[in-house]
Amino acid sequence: MKLFTGLIFCSLALGVSSQWYAFFGEAAQGAWDMMRAYSDMREANYKDSDKYFHARGNYDAAQRGPGGVWAAEKISDARENLQRVTDLFKYGDSGHGAEDSKADQAANEWGRSGGDPNHFRPPGLPDKY
C-alpha cells in the first residue's frame, strides 16, 4: 500500500513539474517569436506596418500555448510602457501618443486572441514579411 501511494505521489509530482517545464518552454519560444517579429518590423521599415508586426508577433507566440500567451502579453506591455516614457520626449511625432498606443494594444490583443495578423497588413508590404 505504501508503495502504491508513493508511486501515485511521484507520478503526480512529475506530471506537475513537466507542465511547468512546458510552460517555460512555450514562454521562451513565444519570446523568440516576438523578437523575430520586432526584428522584421525594423528591417522592413515600411510605413504603417507596425500594427501588422505587433499582431503577427503576438499571434505566433500565442500559438505556442499558455506560456507563449503569457510571454507575448508581458513583452507587449513592457514595450508599450517604454513607448509611453519615450513619448514624453517625442511629443507630436508620428507613431507616438495615446491614440497610437491604443491601436498598438488592439493589434496585440487581436494577435493573442487568434485573429489573423493579415488584418493589419498594409498594402504593398513585401511578401518576405
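Residues numbered from 1 in each chain as written. Predicted model: local features only at pLDDT ≥ 70, side-chain atom pairs only at ≥ 80, totals over all residues. Heavy atoms only, no water.

**Q** Hey, could you run me through the side chain of N58 in this one?
**A** With respect to the helices and strands, the residue N58 is situated in helix α2 (residues 50–62). We classify N58 as buried; its relative accessible area is 0%. At 3.0 Å, the side chain of N58 forms a polar contact with the side chain of N108. (Helix = DSSP H or I, 4+ residues; strand = E, 2+ residues; numbered from the N terminus. Buried < 20%, exposed > 50% of the residue type's maximum accessible area, 1.4 Å probe, protein only. Polar contact = N/O pair within 3.5 Å; in protein donor to acceptor, adjacent residues only side chain to side chain.)

**Q** Help me understand the packing of α2 against helix α3 (residues 66–87) in this model?
**A** Two elements in contact, α2 and α3, have axes separated by 7 Å at closest approach and are oriented at 150°. When the interaxial angle is binned, α2 and α3 end up roughly antiparallel. Counting all contacts with α2, which are made through H54, N58, A61 and A62, the residues of α3 involved are G68, V69, A72, S76 and R79. For the contact of α2 with α3, the per-class residue count stands at four nonpolar, four polar and one charged. (Axes fitted to C-alpha atoms, helices over the stretch in contact; angles between N-to-C directions. Parallel < 35°, antiparallel > 145°, perpendicular 65-115°, else oblique. Contact = heavy atoms within 4.5 Å. Nonpolar A, V, L, I, M, F, W, Y, C, P; charged D, E, K, R; others polar.)

**Q** Explain the nonpolar core to me, please; I cannot follow it from the model alone.
**A** Most often, soluble globular proteins keep nonpolar side chains buried together rather than apart. Core analysis: the largest hydrophobic core is formed by 10 residues, namely M34, Y38, M41, A44, Y52, F53, A61, A72, L125 and Y129. Of all elements in the fold, only α1 (2–44) and α2 reach the threshold of two or more residues within this core. If one sorts the elements of this core by residue count, α1 sits on top with four residues. (Core = buried A, V, L, I, M, F, W, Y, C linked by side-chain atoms within 4.5 Å.)

Shape is all these values report; function is a separate question.
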